[in-house]
Structures are given as structure tokens and as C-alpha cells.
Amino acid sequence: EAAVTQSPRNKVAVTGGKVTLSCNQTNNHNNMYWYRQDTGHGLRLIHYSYGAGSTEKGDIPDGYKASRPSQENFSLILELATPSQTSVYFCASGVRDRGDQAPLFGEGTRLSVL
Amino acid sequence: GNSVTQMQGQVTLSEEEFLFINCTYSTTGYPTLFWYVQYPGEGPQLLLKVTTANNKGSSRGFEATYDKGTTSFHLQKASVQESDSAVYYCVLGETNTNKVVFGTGTRLQVLP
């Protein structure tokens, strides 16, 4: 069964600390995405990837890095976390060059930066 | 670039009432339009897909249609249930691209 799994599901971090959010997909999709979800903004794209070794900036990349070490795994890295990065983060996977195919989403990671 | 506008932030209905949510979009290509639903504590999941070829989609009692002339698409359901309470997103995709664009979401609350 197609799946996108995120870890951790909840995270509390301190300002200035490093945070890594992980995502694993078993869908054999080339594309993977990181979004954040905030009230009034819907889902906004942070970074995405076309495949292992590639990362691309999305619409709001500032303060975030991404890493795609393999087809299955995609990480979002906050080197110096700030309270403004408190949000719910979603990972998704999709078919490359097929924006007409709906991406599959994980369950989300709730991050609080204190 | 592509964009989606979803004006209704919150909709409150009683059970068995009619639901209508509208979105407008802007694109220079050939769009595919999705509706996603998100329940509390879960990720967004696909509810419906509408392509320029078929103009309509349906699932679980929901129907979606799009109007190329007004570049709008909407979601409707004849009789909502309390279990339909969720956030609904209109989403724009496009063949040969790698990004989909989300609207800001409509929170539907159905009162018993």
C-alpha cells in the first residue's frame, strides 16, 4: 500500500537549535515535497526534490535546508530554529513531470520552537 | 505562475443542508484541478480530481465541476453529514510540471 511516513510526529525545539524532520515513502515516486501549514495560508511549499541527490527551492525556502539521500527519504533541516518556524509540516510524494497526478501526503509533524 | 483563490474561509451548515465551495484559478497551461480533504490530526487526502477532458468528478457523494470560461471550479454536496466536517482545499496541478498549488482552505463545520 502506498505510504508516506513522517517522523517525529511531534517535536519541541529550542530557539537556535537544529531540527531535522524525516520523511520516507514507499510509492517509488521520483518527486518529494515539504510543505508547512499555517492558519490563513493553507499549505506552502518549502523545498522539493526530483530524485536522489536533488533539492529545489519552493516558495518559502528561507531558513530551511533539504536533503534527499535516496529515492525513499527526504529530510527537512532547520539549522537555527526560530519561533516563527512553529508550524505543522507535511511531506508528500508525487510522480515526476505529472502535475496532473495528485501527490500523496504524510500525517504531518507538529513542531513547536520555544 | 499558477495560482488558486479560495475565498470562503469557514462554512457552517446543519446536517442535510447543501454544500457549495468555489475556487478560481489562474494558469497559462492545461490544468488539472483537485479537491483535497483534511480531517483533524491527519494529512490532506485526495477527494476528487477534475480534468479539462471530463469537466466533472465525483466521490463519496461530493461532486466537482469546473468552468474554463470563468476559470473557476467548485465542490458541492447535496446533503452534508456531521462526518463531513473537515478542511477542504482546492488545488491546481498541470501536466509536465512538478508543483501543485493549494488554495488557503475552507473549514466546513456541520452541526448535528
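Keep in mind it's a predicted model, so treat the numbers as computed, not measured. (Residues numbered from 1 in each chain as written. Chains lettered and ligands numbered in written order. Predicted model: local features only at pLDDT ≥ 70, side-chain atom pairs only at ≥ 80, totals over all residues. Heavy atoms only, no water.)

A. Examining the overall build of chain A more closely. Along its length, chain A carries zero helices and eleven strands. Whereas a compact globule of 114 residues would reach a radius of gyration of roughly 13 Å, chain A reaches 13 Å, a difference of no more than 12%. Projected onto the principal axes, the alpha-carbon positions of chain A cover approximately 40 × 30 × 25 Å. Here the contacts in chain A between residues at least 6 apart in sequence split such that 55% fall between residues at least 24 apart. Counting 11 positive and 10 negative side-chain charges, chain A places the averaged centre of each group 6 Å from the other. (Helix = DSSP H or I, 4+ residues; strand = E, 2+ residues; numbered from the N terminus. Rg over C-alpha atoms; globule rule 2.2 N^0.38 Å. Contact = heavy atoms within 4.5 Å. Lys, Arg positive; Asp, Glu negative; His and termini not counted. Charge placed at Lys NZ, Arg CZ, Asp CG, Glu CD.)

B. Focus on the state of the cysteines. Within this structure, the stated rule accounts for two disulfides over all chains. What pairs with C23(A) in a disulfide is C91(A), and their sulfur atoms sit 1.9 Å apart. Handedness of the C23(A)-C91(A) disulfide follows from its S-S torsion of about -80°: it is left-handed. Linking C23(A) in strand 3 (residues 19-25) with C91(A) in strand 9 (residues 87-94), this pair joins segments that are 68 residues apart in sequence. On the basis of relative accessibility, which here comes to 0%, the residue C91(A) falls in the buried class. Through a disulfide, C23(B) is tied to C90(B); the S-S separation comes to 1.8 Å. Torsion about the S-S bond of the C23(B) and C90(B) cystine: about -85°, corresponding to left-handed handedness. (Disulfide = S-S within 2.5 Å. Buried < 20%, exposed > 50% of the residue type's maximum accessible area, 1.4 Å probe, protein only.)

C. Structural context of the sheet that holds strand 1 (residues 4-7) of chain A. Residue and element names in this part refer to chain A. Across the sheet, which stays open at both edges, the four strands sit in the order 1-3-8-7 with antiparallel pairing between neighbours. Edge strands, defined here as strands with exactly one partner in the open sheet, are strand 1 and strand 7 (65-67). Here the strands of the sheet are splayed against their neighbours by 20° on average, with no regard to which way each runs. Here four bridges tie strand 1 to strand 3, and the two strands are oriented antiparallel to one another. Within strand 3, the position partnered with S7 by the bridge is S22. (Pairing = 2+ DSSP bridges. Axes fitted to C-alpha atoms, helices over the stretch in contact; angles between N-to-C directions.)

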